[in-house]
Amino acid sequence: MATEAAAGGASGGASDGGGAGSLAFVTMTVGDLRLALPMSSVHAVIRPPELVRIPLGPPGLEGLAHWHGDAVPVLDLAMALGRDGGSPDTRETRVVLVGHRGQPVGLRVDAMAGILRSDPGRIDPVAAEDGGLDPAMLDGLLRDGPATILKPDVLIDRQFGDLGETDRAATAGGLIGGFGRFAGPGNDRSAGGKAAGGIDRLALLVFEVAGQEFALPVERVREVLPAPREIARMARSRAHLLGVMSVRDRLLPLVGLRALFGLDGVREQEAGGQAAGGQALGRRVVVVRPGQGQAPVGVLVDEVREILRLDPAQIDPVPPFLAREPEFEDLDGIARADGGRRLVSVLSAGRLFRHGAAIGADGERDGMEPARPADAGSTGGMAERFVVFSLAGAEYGLPVAAVREVLRRPDSITPLPNAPDFVSGVLTLRGEVLPLIDQRRLLHLPAAGGAAPGLARGRVVVVGRDGADAARVGLLVDGLSGLVTIPAERIGPAPAVSAAQRRLIRRVATLVPREPELAGQGAGGGARLILLMDAESLLDMDRLAGLLVTQQ
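Residues numbered from 1 in each chain as written. Predicted model: local features only at pLDDT ≥ 70, side-chain atom pairs only at ≥ 80, totals over all residues. Heavy atoms only, no water.

(A) Local environment of the nonpolar core. Grouped together as the largest cluster of nonpolar side chains are 96 residues, with contacts concentrated most on Leu77, Tyr396 and Leu398. Here Leu77 is in contact with Met28, Val30, Leu35, Leu107, Arg108, Val109, Leu150 and Leu155, once residues within four sequence places are set aside. Ala215, Leu310, Val346 and Leu427 belong to the second-largest nonpolar core, a separate cluster that totals 18 residues. (Core = buried A, V, L, I, M, F, W, Y, C linked by side-chain atoms within 4.5 Å. Buried < 20%, exposed > 50% of the residue type's maximum accessible area, 1.4 Å probe, protein only. Contact = heavy atoms within 4.5 Å.)

(B) Geometry of the sheet that holds strand β32 (residues 505-511). Reading across from one edge, β30-β23-β24-β33-β32-β31 is the order of the 6 strands in this open sheet, with mixed pairing throughout. Two strands bound the open sheet, and with one partner strand each, they are β30 (479-487) and β31 (491-493). Pairs of neighbouring strands in the sheet enclose a mean axial angle of 35 degrees, with direction left out of account. In this structure, strand β23 (residues 383-391) lies alongside β30, joined through 8 bridges in antiparallel fashion. When the sheet's bridge partners are listed, Arg385 is paired in β30 with Thr485. (Pairing = 2+ DSSP bridges. Helix = DSSP H or I, 4+ residues; strand = E, 2+ residues; numbered from the N terminus. Axes fitted to C-alpha atoms, helices over the stretch in contact; angles between N-to-C directions.)

(C) Representation of the pairing of β23 within the structure. Of all 9 residues in β23, 8 are buried, a share of seventy percent or more. For β23 and strand β24 (residues 394-399), the ladder comprises 6 bridges, and the chain directions are antiparallel. Paired with Leu391 across the strands is Ala394, a residue of β24. Counting the residues between successive antiparallel strands, the hairpin from β23 to β24 contains 2 residues, one of them, Ala392, with a positive phi of roughly 55 degrees.

(D) Molecular detail of helix α3 (residues 152-160). Of all the residues in α3, the buried ones are Pro152, Leu155, Ile156, Gln159 and Phe160. Considered in projection along α3, the buried side chains sweep an arc of 125 degrees and stay on one side of the axis. For α3, the secondary structure elements touched by its buried residues are β2 (33-38), β5 (70-76), α2 (77-80), β6 (94-100), β7 (103-109) and β11 (147-150). Gly161 lies just past α3 and shows a positive phi near 75 degrees. (Arc of directions from axis to C-beta.)

(E) Quick look at the side chain of Arg305. Relative to the helices and strands, Arg305 is located in strand β19 (residues 303-310). Excluding anything up to four places from it in sequence, Arg305 contacts Val206, Phe207, Glu208, Glu213, Arg408, Arg459 and Leu480.

(F) Summary view of the environment of Leu504. Position of Leu504 relative to the elements: it lies in helix α11 (residues 499-504). Each C-alpha atom of the pair Leu504 and Met533 lies 5.5 Å from the other, and the pair is 29 residues apart in sequence.

(G) Focus on unusual backbone geometry. The phi angle at Arg101 is positive, at roughly 50 degrees, despite the residue not being glycine. Turning to its location among the elements, Arg101 is positioned in the loop between β6 and β7. The backbone phi angle of Ala392 is positive, close to 55 degrees, even though this residue is not glycine. With respect to the secondary-structure elements, Ala392 resides in the loop between β23 and β24.

(H) Quick peek at the packing of aromatic side chains. The tally for this structure, following the rule as stated, stands at 1 aromatic pair. Relative to Tyr396, the ring of Phe389 has its centre 5.9 Å away and its plane inclined at 15 degrees; by these criteria the two rings are stacked. Per residue, the accessibility class of Phe389 equals that of Tyr396, and both read buried. (Phe/Tyr/Trp six-rings, centres within 6.5 Å; stacked < 30°, edge-to-face > 60°.)

(I) Spatial organisation of the confidence of the model for the protein. The predicted model of the protein has a mean per-residue pLDDT of 74, with 69% of residues at 70 or higher. When pLDDT is averaged over each element of the protein, β24 comes out on top at 93 and helix α4 (residues 175-178) at the bottom at 37. Predicted confidence for residues 1-18 stays below pLDDT 50, and this span has 30 contacts to residues more than four positions away or in other chains. The low-confidence segment residues 265-280, where pLDDT is below 50, has 36 contacts with residues more than four positions distant or belonging to other chains. (pLDDT = per-residue confidence, 0-100.)

(J) Focus on the environment of Phe422. Assignment of secondary structure puts Phe422 in the loop between β25 (403-408) and β26 (423-429). Using a relative accessible area of 3% as the deciding quantity, one classes Phe422 as buried. For the pair Phe422 and His444, spaced 22 residues apart in sequence, the C-alpha separation works out to 9.4 Å.

(K) Quick peek at the side chain of Arg459. Mapping Arg459 onto the fold places it in strand β28 (residues 459-465). Here Arg459 falls in the buried class, since its relative accessible area comes to 3%. Only 2.3 Å separates the side chain of Arg459 from the backbone oxygen of Arg305, close enough to count as a polar contact. (Polar contact = N/O pair within 3.5 Å; in protein donor to acceptor, adjacent residues only side chain to side chain.)

(L) Molecular detail of the pattern of salt bridges. Here the structure, examined in full by the defined rule, presents 24 salt bridges. Across the salt bridge formed by Arg408 and Glu213, the nearest N and O atoms sit 2.5 Å from each other. In this pair, Arg408 is assigned in strand β25 and Glu213 in strand β13 (residues 212-217), connecting sequence segments 195 residues apart. The partly exposed category is assigned to Arg408, whose relative accessible area is 35%. You can call Glu213 buried: its relative accessible area is 12%. A salt bridge links Glu303 to Arg459, with the shortest nitrogen-to-oxygen separation between them at 3.6 Å. Of this pair, Glu303 sits in strand β19 while Arg459 sits in strand β28, and the two are 156 residues apart along the sequence. Residue Glu303 shares its accessibility class with Arg459, and that shared class is buried. Because the salt bridges share partners, they merge into one network encompassing Glu213, Glu306, Asp338, Arg342 and Arg408. (Salt bridge = Lys/Arg side-chain N within 4 Å of Asp/Glu carboxyl O.)

(M) Examining the sheet that holds β7 more closely. Within the open sheet, the 5 strands sit side by side as β3-β6-β7-β5-β4. Their pairing is mixed. Edge positions in the sheet fall to β3 (42-46) and β4 (61-67), since each of these pairs with one other strand and no more. The sheet shows a mean angle of 30 degrees between the axes of neighbouring strands, direction not considered. Taken strand by strand, α3 contacts β5, β6 and β7, and its axis lies near 90 degrees from that of β6.

(N) Spotlight on the pairing of β4. Buried residues dominate β4, accounting for 5 of its 7 residues. Bridge count for β4 against β5 is 6 bridges, and the pairing is antiparallel. For Leu64, the partnering residue across the bridge sits in β5 and is Pro73. If you look at the hairpin formed by β4 and β5, you'll find 2 residues sitting between the two strands, and His68 has a positive phi there, around 50 degrees.

Here it is, written out as structure tokens:
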């Protein structure tokens, strides 16, 4: 039977086309093996989808795919059977989706052979030597194939292991708690970023435009989106009013800082490369909610750099001589970062509204309500905000409340003797010593080469908890994608593939193509999958180290 016919038959489920009491099977080839799966266990047969690698999984796990709103783990069936895998895709390669303990799992095969129906009397028992496969994973031999019947649940359970570990409560303290004694008087301890001296630090999202740094208060930033490939221009608008983009069926006005501040000159440079999709290459739109009752405004930027928490005393007003100039009226002040070695212009969210209003934003009924904290037992109309970062070609997210700041990767790191191998060293931040976790080592991802593009934009995501057991840790990542507000209905449990993964990555966000401003990351218009990490697990490194030892 042709491959496409097999795929169509598998997708439709079992039929009654055979004789009374006959059993239906989907058959496929993997190397020199001809295998069969019960039709009742097969959900669909699809062409190889785009995959996002999920860390801490078994060797045969190729990654996560998006299918009908689910994040589906995909296994290389050859490797799961103990054979050589990793062969490149061909025109015949397919992924067979089977049900496993309430979640779909994909099995990558070399080709589909067809659909076969057989009487139970024509199914022989499997001998230990048949095909060199473990008989515990096999359910018989079809004489009419011939084909070996797999037990998909046994095969998948062997790959994913015993996940009972994930249901046990995490222990407190651990290695990370030991770093608390190094904390100095400048520690940032409260939920709002309040230091021991009672200073409320202001969180700023820092971004770059034409080689210069600007910032906006994080509390005013609704989300950070990929730049659109096309911008609808508005007639007779001023140079810095670029036009509008569509966000969830509403129009978002766009302001260009290059033209607004006279950086590299003219309006055409804001739209340069637009026809070829250049607008989407690396650029971001920072969505700002100026104030109560005001519609959001998008600010087109070249790159999102970091999140800083600064003492308000480090933000100076614009000098009076400059404040009289029109181009400086959109600034709230100038921040002195890195001991005054960097000057960052802090934009006024309120005055940016004036620019968006000139394009005709439509007030509160814009479909972009502020995110509210999501209750564990409620999903209707709720959303959560995440700091999203990139690592080895995949995207990960941490709740905004858990992220203290995002810094540039330091040029040098002080090593820490006798630490777990995923602790690269320590970094001093305002008198506090932070352990730095190499996320690639932690998640068993390939090491980045010296010329890897991610290293040039490398960042340190500072995660922390507050209270009596306050602690901080820095995560070394490839780059910062920005802030993303994700509706609760787009967040689900992550597929359980190992105890370590289930503890670190408990949820996954699936952002589908009909939300183009969110899903534009995927090639070919595919869904965007964001692996959501558990901040508390990252802070408990003793427990984490024990899980990772068993994973290797």
